[in-house]
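Structural characterization, general
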Amino acid sequence: MAILSIAQNEDIAREEACRILADGGLIALPTETVYGLAADATNGKAVARIFEVKGRPRFNPLICHMSGIEMAQRYVDFNALAMRLAEAFWPGPLTLVLPLRPGTAVHALTCAGLDTLAVRVPTGFAQSLIARFDRPLAAPSANTSGKISSTTAAHVATDLGDRVPLILDGGPAAIGLESTIIKPTEKGVELLRPGGLAASEIESVSGIRVARSAEAEPAIEAPGMLRSHYAPGAHMRINARTAAAGDAVITFAGAALPGDEDASIILDLSPSGDLREAAANLFDYMKRADAAARGAIAVVPIPNKGLGEAINDRLERAAAPRV
Ligand code: TXA
Ligand code: MG
(Lines give C-alpha, C1' and ligand atoms only; values in the text may rest on other atoms or scores of the structure.)
(Ligands and ions follow the chains in the order given, each with its own letter.)
Protein backbone atom coordinates (compact mmCIF):
# COMPACT_ATOMS: atom_id res chain seq x y z
CA MET A 1 0.00 0.00 0.00
CA ALA A 2 1.24 3.49 -0.87
CA ILE A 3 0.02 6.84 0.42
CA LEU A 4 0.51 9.72 -1.98
CA SER A 5 0.04 13.29 -0.88
CA ILE A 6 -1.97 15.28 -3.39
CA ALA A 7 -0.64 18.58 -2.08
CA GLN A 8 2.93 17.41 -2.67
CA ASN A 9 2.45 16.12 -6.19
CA GLU A 10 -0.95 16.38 -7.70
CA ASP A 11 0.01 15.32 -11.23
CA ILE A 12 1.82 12.16 -10.14
CA ALA A 13 -1.08 11.27 -7.82
CA ARG A 14 -3.59 11.67 -10.66
CA GLU A 15 -1.55 9.69 -13.19
CA GLU A 16 -0.84 6.86 -10.77
CA ALA A 17 -4.53 6.71 -9.78
CA CYS A 18 -5.59 6.57 -13.45
CA ARG A 19 -3.12 3.78 -14.13
CA ILE A 20 -4.46 1.63 -11.28
CA LEU A 21 -8.10 2.34 -12.18
CA ALA A 22 -7.56 1.53 -15.86
CA ASP A 23 -6.01 -1.74 -14.71
CA GLY A 24 -9.19 -2.65 -12.79
CA GLY A 25 -7.67 -1.78 -9.41
CA LEU A 26 -9.05 0.17 -6.46
CA ILE A 27 -7.88 3.43 -4.94
CA ALA A 28 -8.88 5.36 -1.84
CA LEU A 29 -9.79 8.88 -2.83
CA PRO A 30 -10.51 12.03 -0.83
CA THR A 31 -13.80 13.78 -1.54
CA GLU A 32 -15.31 16.77 0.25
CA THR A 33 -17.75 14.47 2.10
CA VAL A 34 -15.75 11.37 3.11
CA TYR A 35 -12.97 9.27 1.59
CA GLY A 36 -14.21 6.93 -1.12
CA LEU A 37 -13.07 3.46 -2.17
CA ALA A 38 -13.15 3.94 -5.93
CA ALA A 39 -13.23 1.68 -8.98
CA ASP A 40 -14.03 2.10 -12.67
CA ALA A 41 -17.85 1.90 -12.61
CA THR A 42 -17.88 0.24 -16.03
CA ASN A 43 -15.66 -2.67 -14.91
CA GLY A 44 -17.70 -5.37 -13.16
CA LYS A 45 -14.75 -7.19 -11.66
CA ALA A 46 -13.31 -3.97 -10.29
CA VAL A 47 -16.68 -3.10 -8.72
CA ALA A 48 -16.95 -6.62 -7.27
CA ARG A 49 -13.58 -6.03 -5.65
CA ILE A 50 -15.08 -3.02 -3.78
CA PHE A 51 -17.57 -5.33 -2.06
CA GLU A 52 -14.83 -7.84 -1.36
CA VAL A 53 -12.51 -5.26 0.21
CA LYS A 54 -15.29 -3.73 2.30
CA GLY A 55 -16.36 -7.20 3.42
CA ARG A 56 -19.93 -6.27 2.62
CA PRO A 57 -22.30 -9.23 2.94
CA ARG A 58 -24.65 -7.86 0.29
CA PHE A 59 -24.66 -5.86 -2.91
CA ASN A 60 -26.17 -2.42 -2.41
CA PRO A 61 -26.19 0.10 -5.24
CA LEU A 62 -23.15 2.38 -5.27
CA ILE A 63 -22.89 6.08 -6.04
CA CYS A 64 -21.32 6.87 -9.42
CA HIS A 65 -19.06 9.87 -9.35
CA MET A 66 -18.95 12.05 -12.46
CA SER A 67 -16.75 14.94 -13.59
CA GLY A 68 -19.74 17.15 -14.40
CA ILE A 69 -23.30 17.37 -15.72
CA GLU A 70 -22.16 16.60 -19.25
CA MET A 71 -20.57 13.34 -18.23
CA ALA A 72 -23.56 12.38 -16.06
CA GLN A 73 -25.85 12.94 -19.05
CA ARG A 74 -24.09 10.11 -20.86
CA TYR A 75 -25.45 7.70 -18.24
CA VAL A 76 -28.69 9.09 -16.75
CA ASP A 77 -31.68 11.15 -17.89
CA PHE A 78 -32.24 14.51 -16.23
CA ASN A 79 -35.71 15.98 -15.83
CA ALA A 80 -35.97 19.77 -15.48
CA LEU A 81 -35.92 19.67 -11.67
CA ALA A 82 -32.87 17.40 -11.60
CA MET A 83 -31.06 19.75 -13.94
CA ARG A 84 -31.86 22.76 -11.77
CA LEU A 85 -30.54 20.99 -8.68
CA ALA A 86 -27.40 19.77 -10.45
CA GLU A 87 -26.66 23.26 -11.72
CA ALA A 88 -27.16 24.70 -8.25
CA PHE A 89 -25.24 22.16 -6.15
CA TRP A 90 -22.63 20.42 -8.31
CA PRO A 91 -19.85 19.96 -7.66
CA GLY A 92 -20.84 19.25 -4.07
CA PRO A 93 -22.38 16.92 -1.48
CA LEU A 94 -25.59 16.15 -3.37
CA THR A 95 -26.38 12.77 -4.96
CA LEU A 96 -29.25 12.46 -7.44
CA VAL A 97 -30.99 9.14 -8.13
CA LEU A 98 -32.04 9.28 -11.79
CA PRO A 99 -33.23 6.89 -14.51
CA LEU A 100 -30.33 4.96 -16.01
CA ARG A 101 -30.08 5.39 -19.77
CA PRO A 102 -30.47 2.00 -21.42
CA GLY A 103 -27.35 0.47 -22.90
CA THR A 104 -24.79 2.62 -21.10
CA ALA A 105 -21.44 1.24 -20.06
CA VAL A 106 -22.12 1.46 -16.31
CA HIS A 107 -21.89 -2.10 -15.03
CA ALA A 108 -25.05 -3.69 -13.59
CA LEU A 109 -23.25 -4.48 -10.32
CA THR A 110 -22.67 -0.75 -9.75
CA CYS A 111 -26.42 -0.07 -9.52
CA ALA A 112 -27.23 -3.56 -8.19
CA GLY A 113 -29.31 -4.32 -11.26
CA LEU A 114 -31.66 -1.35 -10.70
CA ASP A 115 -32.86 0.84 -13.57
CA THR A 116 -31.83 3.96 -11.67
CA LEU A 117 -28.35 5.24 -10.91
CA ALA A 118 -27.15 7.46 -8.07
CA VAL A 119 -24.85 10.16 -9.47
CA ARG A 120 -22.82 12.93 -7.92
CA VAL A 121 -20.05 15.32 -8.91
CA PRO A 122 -17.41 15.75 -6.19
CA THR A 123 -15.27 18.87 -5.84
CA GLY A 124 -11.54 19.35 -6.21
CA PHE A 125 -9.05 16.62 -6.90
CA ALA A 126 -11.68 13.89 -7.22
CA GLN A 127 -13.44 15.86 -9.95
CA SER A 128 -10.21 16.46 -11.86
CA LEU A 129 -9.25 12.79 -11.58
CA ILE A 130 -12.59 11.65 -13.03
CA ALA A 131 -12.30 14.20 -15.85
CA ARG A 132 -8.85 12.82 -16.67
CA PHE A 133 -9.98 9.18 -16.39
CA ASP A 134 -13.07 10.04 -18.46
CA ARG A 135 -15.14 7.27 -16.91
CA PRO A 136 -17.41 7.34 -13.85
CA LEU A 137 -16.06 6.05 -10.55
CA ALA A 138 -18.17 3.86 -8.29
CA ALA A 139 -17.20 4.77 -4.74
CA PRO A 140 -18.74 3.93 -1.41
CA SER A 141 -17.12 5.24 1.73
CA ALA A 142 -13.63 3.82 2.28
CA ASN A 143 -14.26 1.70 5.37
CA THR A 144 -14.91 -1.93 6.13
CA SER A 145 -18.55 -2.88 6.44
CA GLY A 146 -20.04 -1.81 9.76
CA LYS A 147 -17.32 0.74 10.59
CA ILE A 148 -17.76 4.47 10.34
CA SER A 149 -16.76 6.36 7.20
CA SER A 150 -13.16 7.51 6.95
CA THR A 151 -12.51 11.23 6.83
CA THR A 152 -8.70 11.13 6.71
CA ALA A 153 -6.13 9.12 4.77
CA ALA A 154 -4.83 7.79 8.09
CA HIS A 155 -8.27 6.35 8.94
CA VAL A 156 -8.33 4.61 5.57
CA ALA A 157 -4.82 3.24 6.05
CA THR A 158 -5.68 1.82 9.47
CA ASP A 159 -8.91 0.25 8.29
CA LEU A 160 -8.15 -0.89 4.72
CA GLY A 161 -4.42 -0.30 4.26
CA ASP A 162 -3.39 -3.82 3.37
CA ARG A 163 -6.23 -4.17 0.85
CA VAL A 164 -5.84 -0.98 -1.23
CA PRO A 165 -2.76 -0.43 -3.40
CA LEU A 166 -3.01 3.38 -3.31
CA ILE A 167 -4.41 5.87 -0.82
CA LEU A 168 -4.51 9.47 -2.00
CA ASP A 169 -4.09 11.89 0.87
CA GLY A 170 -6.01 15.12 0.43
CA GLY A 171 -6.12 16.06 4.10
CA PRO A 172 -9.21 15.83 6.30
CA ALA A 173 -12.54 15.77 4.43
CA ALA A 174 -14.04 19.26 4.50
CA ILE A 175 -17.60 18.12 5.24
CA GLY A 176 -17.04 14.83 7.01
CA LEU A 177 -20.56 13.54 6.36
CA GLU A 178 -21.78 11.52 3.38
CA SER A 179 -23.64 13.29 0.60
CA THR A 180 -27.37 13.95 0.76
CA ILE A 181 -29.21 11.55 -1.54
CA ILE A 182 -32.43 12.65 -3.21
CA LYS A 183 -34.69 11.41 -5.96
CA PRO A 184 -36.12 14.25 -8.05
CA THR A 185 -39.20 13.17 -10.02
CA GLU A 186 -42.08 14.94 -11.74
CA LYS A 187 -43.95 14.63 -8.44
CA GLY A 188 -41.30 16.26 -6.27
CA VAL A 189 -38.13 15.61 -4.36
CA GLU A 190 -37.77 12.58 -2.11
CA LEU A 191 -35.03 12.50 0.51
CA LEU A 192 -33.41 9.05 0.53
CA ARG A 193 -30.49 9.83 2.84
CA PRO A 194 -29.87 13.01 4.83
CA GLY A 195 -26.27 14.15 4.49
CA GLY A 196 -23.85 16.99 3.97
CA LEU A 197 -26.30 19.27 2.15
CA ALA A 198 -29.24 20.44 4.27
CA ALA A 199 -32.68 19.61 2.91
CA SER A 200 -33.70 23.19 3.68
CA GLU A 201 -31.07 24.42 1.23
CA ILE A 202 -32.41 22.13 -1.47
CA GLU A 203 -35.89 23.47 -0.75
CA SER A 204 -34.84 27.08 -1.06
CA VAL A 205 -33.27 26.44 -4.47
CA SER A 206 -35.94 24.19 -5.93
CA GLY A 207 -38.90 25.88 -4.26
CA ILE A 208 -40.25 22.40 -3.69
CA ARG A 209 -40.67 20.72 -0.35
CA VAL A 210 -38.36 17.77 0.18
CA ALA A 211 -40.37 14.74 1.26
CA ARG A 212 -38.65 13.08 4.22
CA SER A 213 -39.16 9.62 2.95
CA ALA A 214 -40.25 6.66 4.99
CA GLU A 215 -37.76 4.92 2.72
CA ALA A 216 -34.67 6.49 4.21
CA GLU A 217 -31.39 4.64 3.78
CA PRO A 218 -31.95 1.94 6.41
CA ALA A 219 -35.20 1.04 4.68
CA ILE A 220 -33.41 0.83 1.33
CA GLU A 221 -30.91 -1.59 2.74
CA ALA A 222 -33.51 -3.64 4.60
CA PRO A 223 -35.48 -6.35 2.81
CA GLY A 224 -37.83 -3.52 1.75
CA MET A 225 -35.29 -2.59 -0.90
CA LEU A 226 -36.41 -5.74 -2.67
CA ARG A 227 -39.47 -3.91 -3.91
CA SER A 228 -37.42 -1.68 -6.14
CA HIS A 229 -35.01 -4.45 -7.01
CA TYR A 230 -35.03 -6.53 -10.10
CA ALA A 231 -36.85 -9.78 -9.43
CA PRO A 232 -37.06 -12.27 -12.28
CA GLY A 233 -40.47 -13.08 -13.74
CA ALA A 234 -39.65 -16.79 -13.79
CA HIS A 235 -39.73 -18.75 -10.55
CA MET A 236 -36.22 -19.12 -9.20
CA ARG A 237 -34.86 -22.22 -7.41
CA ILE A 238 -31.62 -21.68 -5.53
CA ASN A 239 -29.30 -24.44 -4.33
CA ALA A 240 -30.82 -26.56 -7.09
CA ARG A 241 -29.75 -30.20 -7.33
CA THR A 242 -31.59 -30.99 -10.57
CA ALA A 243 -32.85 -29.16 -13.64
CA ALA A 244 -36.20 -29.69 -15.39
CA ALA A 245 -36.73 -29.41 -19.14
CA GLY A 246 -36.96 -25.76 -20.18
CA ASP A 247 -35.28 -24.45 -17.04
CA ALA A 248 -32.64 -21.79 -17.41
CA VAL A 249 -29.63 -22.99 -15.43
CA ILE A 250 -27.21 -20.65 -13.71
CA THR A 251 -24.16 -22.61 -12.74
CA PHE A 252 -20.72 -21.97 -11.24
CA ALA A 253 -17.28 -23.46 -11.82
CA GLY A 254 -18.56 -25.80 -14.51
CA ALA A 255 -20.94 -27.68 -12.17
CA ALA A 256 -23.47 -29.84 -14.02
CA LEU A 257 -27.02 -30.59 -12.84
CA PRO A 258 -28.84 -33.83 -13.66
CA GLY A 259 -31.37 -32.88 -16.35
CA ASP A 260 -29.55 -29.82 -17.61
CA GLU A 261 -29.22 -31.36 -21.10
CA ASP A 262 -32.80 -30.14 -21.69
CA ALA A 263 -32.19 -26.67 -20.22
CA SER A 264 -33.21 -23.66 -22.30
CA ILE A 265 -29.87 -22.04 -21.52
CA ILE A 266 -26.88 -22.72 -19.27
CA LEU A 267 -24.95 -19.72 -17.98
CA ASP A 268 -21.78 -20.22 -15.94
CA LEU A 269 -21.12 -17.33 -13.54
CA SER A 270 -17.44 -18.21 -13.56
CA PRO A 271 -16.12 -21.32 -15.31
CA SER A 272 -12.86 -20.98 -13.33
CA GLY A 273 -14.68 -20.68 -9.98
CA ASP A 274 -13.69 -17.06 -9.37
CA LEU A 275 -16.29 -15.45 -7.07
CA ARG A 276 -15.28 -11.95 -8.17
CA GLU A 277 -16.06 -12.83 -11.79
CA ALA A 278 -19.31 -14.47 -10.62
CA ALA A 279 -20.36 -11.30 -8.80
CA ALA A 280 -19.67 -9.23 -11.90
CA ASN A 281 -21.83 -11.53 -14.05
CA LEU A 282 -24.67 -12.07 -11.58
CA PHE A 283 -27.21 -9.37 -12.51
CA ASP A 284 -26.70 -9.77 -16.24
CA TYR A 285 -27.05 -13.56 -16.06
CA MET A 286 -30.22 -13.36 -13.95
CA LYS A 287 -31.79 -11.19 -16.65
CA ARG A 288 -30.57 -13.43 -19.47
CA ALA A 289 -31.81 -16.53 -17.66
CA ASP A 290 -35.18 -14.90 -17.10
CA ALA A 291 -35.49 -14.05 -20.80
CA ALA A 292 -34.57 -17.60 -21.86
CA ALA A 293 -36.42 -19.67 -19.22
CA ARG A 294 -39.39 -21.70 -20.42
CA GLY A 295 -39.69 -23.16 -16.90
CA ALA A 296 -37.93 -21.94 -13.80
CA ILE A 297 -34.46 -20.55 -13.20
CA ALA A 298 -32.36 -23.20 -11.43
CA VAL A 299 -29.24 -21.93 -9.67
CA VAL A 300 -26.57 -24.34 -8.44
CA PRO A 301 -25.26 -23.88 -4.86
CA ILE A 302 -22.69 -21.07 -4.72
CA PRO A 303 -19.90 -21.35 -2.11
CA ASN A 304 -20.84 -19.09 0.79
CA LYS A 305 -17.39 -17.58 1.32
CA GLY A 306 -15.91 -14.21 0.36
CA LEU A 307 -18.15 -12.55 -2.23
CA GLY A 308 -20.25 -15.73 -2.29
CA GLU A 309 -22.10 -14.42 0.76
CA ALA A 310 -23.31 -11.32 -1.11
CA ILE A 311 -24.10 -13.40 -4.20
CA ASN A 312 -26.24 -15.76 -2.11
CA ASP A 313 -27.95 -12.84 -0.39
CA ARG A 314 -28.96 -11.45 -3.78
CA LEU A 315 -30.08 -14.85 -5.06
CA GLU A 316 -32.19 -15.43 -1.93
CA ARG A 317 -33.91 -12.08 -2.44
CA ALA A 318 -34.63 -12.87 -6.06
CA ALA A 319 -36.00 -16.29 -5.09
CA ALA A 320 -38.14 -15.00 -2.19
CA PRO A 321 -41.90 -15.37 -2.60
CA ARG A 322 -43.51 -12.26 -4.09
CA VAL A 323 -46.02 -10.27 -2.10
O1 TXA B 1 -20.57 11.20 0.31
C2 TXA B 1 -20.85 10.16 -0.30
O3 TXA B 1 -21.92 10.00 -0.86
C4 TXA B 1 -19.77 9.07 -0.34
C5 TXA B 1 -18.56 9.65 -1.06
C6 TXA B 1 -17.46 8.65 -1.25
O7 TXA B 1 -18.96 10.18 -2.30
N8 TXA B 1 -20.25 7.92 -1.01
C9 TXA B 1 -21.19 7.11 -0.47
O10 TXA B 1 -21.52 6.08 -1.33
O11 TXA B 1 -21.69 7.25 0.63
P12 TXA B 1 -22.26 4.79 -0.93
O13 TXA B 1 -22.06 3.89 -2.13
O14 TXA B 1 -21.84 4.26 0.37
O15 TXA B 1 -23.77 5.21 -0.87
C16 TXA B 1 -24.65 4.29 -1.42
C17 TXA B 1 -26.05 4.56 -0.99
C18 TXA B 1 -26.79 3.24 -0.92
O19 TXA B 1 -26.70 2.65 0.34
C20 TXA B 1 -28.17 3.66 -1.23
O21 TXA B 1 -28.77 4.11 -0.06
C22 TXA B 1 -28.01 4.84 -2.16
O23 TXA B 1 -26.69 5.27 -2.03
N24 TXA B 1 -28.25 4.50 -3.55
C25 TXA B 1 -27.34 4.22 -4.52
N26 TXA B 1 -27.93 3.97 -5.68
C27 TXA B 1 -29.24 4.08 -5.47
C28 TXA B 1 -30.40 3.92 -6.30
N29 TXA B 1 -30.29 3.60 -7.58
N30 TXA B 1 -31.62 4.10 -5.73
C31 TXA B 1 -31.72 4.44 -4.42
N32 TXA B 1 -30.66 4.59 -3.59
C33 TXA B 1 -29.45 4.42 -4.10
MG1 MG C 1 -20.70 3.98 3.94
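First things first, this report covers the structure right here in the doc. (Residues numbered from 1 in each chain as written. Chains lettered and ligands numbered in written order. Predicted model: local features only at pLDDT ≥ 70, side-chain atom pairs only at ≥ 80, totals over all residues. Heavy atoms only, no water.)

Quick word on the sheet that holds strand 7 (residues 137-138)
Strands sit in the order 1-8-2-3-7-4-6-5-9-10-11 across an open sheet of 11 strands; the sheet is mixed. Each edge of the sheet is formed by a strand with only one pairing partner; in this case those strands are strand 1 (2-5) and strand 11 (210-212). Two strands pair when backbone bridges link them, and strand 3 (residues 36-40) and strand 7 are joined in this way by two bridges, in the antiparallel orientation. Counterpart to aspartate 40 in the pairing with strand 7 is leucine 137. (Pairing = 2+ DSSP bridges. Helix = DSSP H or I, 4+ residues; strand = E, 2+ residues; numbered from the N terminus.)

Some details on the packing of aromatic side chains
Applying the stated criterion across every chain yields a total of three aromatic pairs. Judged by centre distance (6.4 Å) and plane angle (65 degrees), the ring pair of phenylalanine 59 and phenylalanine 283 falls under edge-to-face. Of this pair, phenylalanine 59 sits in the loop between helix 2 (44-54) and strand 4 (63-65) while phenylalanine 283 sits in helix 9 (residues 275-292); the two residues are 224 residues apart in sequence, bridging distant segments of the chain. Residue classification places phenylalanine 59 among the buried positions, given a relative accessible area of 2%. Look at phenylalanine 78 and tryptophan 90: their rings are 6.0 Å apart centre to centre, the planes differ by 85 degrees, and that puts the pair in the edge-to-face class. Remark: tryptophan 90 occurs in the loop between helix 4 (80-89) and strand 5 (94-99) and phenylalanine 78 occurs in the loop between helix 3 (69-73) and helix 4; sequence separation between them is 12 residues. With respect to class, phenylalanine 78 is no different from tryptophan 90; both count as buried. Joined through ring pairs, the aromatic side chains of Phe51, Phe59 and Phe283 make up one cluster. (Phe/Tyr/Trp six-rings, centres within 6.5 Å; stacked < 30°, edge-to-face > 60°. Buried < 20%, exposed > 50% of the residue type's maximum accessible area, 1.4 Å probe, protein only.)

Let's talk about the pattern of salt bridges
What the rule picks out here adds up to 18 salt bridges. Of the charged contacts in the structure, one is a salt bridge between arginine 135 and aspartate 40, with a shortest N-O distance of 2.6 Å. Residue arginine 135 is located in the loop between helix 5 (124-133) and strand 7, and its partner aspartate 40 is located in strand 3; the two are separated by 95 residues in the primary sequence. On the basis of relative accessibility, which here comes to 33%, the residue arginine 135 falls in the partly exposed class. The closest approach of N and O atoms between aspartate 77 and arginine 101, which form a salt bridge, is 3.7 Å. Here aspartate 77, found in the loop between helix 3 and helix 4, pairs with arginine 101, found in the loop between strand 5 and strand 6 (116-120); they are 24 residues apart in sequence, far enough to count as distant. Its relative accessible area of 37% is what places aspartate 77 among the partly exposed residues. Here the residues in one salt-bridge network are Glu10, Asp11 and Arg14, joined through shared partners. (Salt bridge = Lys/Arg side-chain N within 4 Å of Asp/Glu carboxyl O.)

Thoughts on the nonpolar core
Counting 103 residues, the largest nonpolar core has Ile27, Phe59, Phe78, Leu96 and Leu117 as its most contacted members. Here the element with the most residues in this core is helix 9; it accounts for eight residues. Not counting the four nearest positions on each side in its chain, phenylalanine 78 is found in contact with Ile69, Ala72, Gln73, Met83, Ala86, Trp90, Leu96 and Leu98. Val97, Ala118, Ile181 and Leu192 belong to the second-largest nonpolar core, a separate cluster that totals five residues. (Core = buried A, V, L, I, M, F, W, Y, C linked by side-chain atoms within 4.5 Å. Contact = heavy atoms within 4.5 Å.)

Quick look at unusual backbone geometry
A cis amide bond, omega -5 degrees, links tryptophan 90 with the succeeding residue proline 91. Within the secondary structure layout, proline 91 lies in the loop between helix 4 and strand 5. In this structure, alanine 112 is a non-glycine residue whose phi angle is positive, near 50 degrees. Following the sequence through the fold, alanine 112 ends up in the loop between strand 5 and strand 6.

Some points on the sheet that holds strand 12 (residues 236-237)
Spatial strand order, 12-15-13-14: four strands in an open sheet with parallel pairing. The open sheet has two free edges, formed respectively by strand 12 and strand 14 (265-268), since each of these has just one partner strand. The sheet contact formed by strand 12 and strand 15 (residues 297-299) spans two bridges and is parallel. When the sheet's bridge partners are listed, arginine 237 is paired in strand 15 with alanine 298. Relative to the sheet, helix 9 contacts strand 12, strand 13 (248-251), strand 14 and strand 15, its axis offset from that of strand 14 by approximately 175 degrees. (Axes fitted to C-alpha atoms, helices over the stretch in contact; angles between N-to-C directions.)

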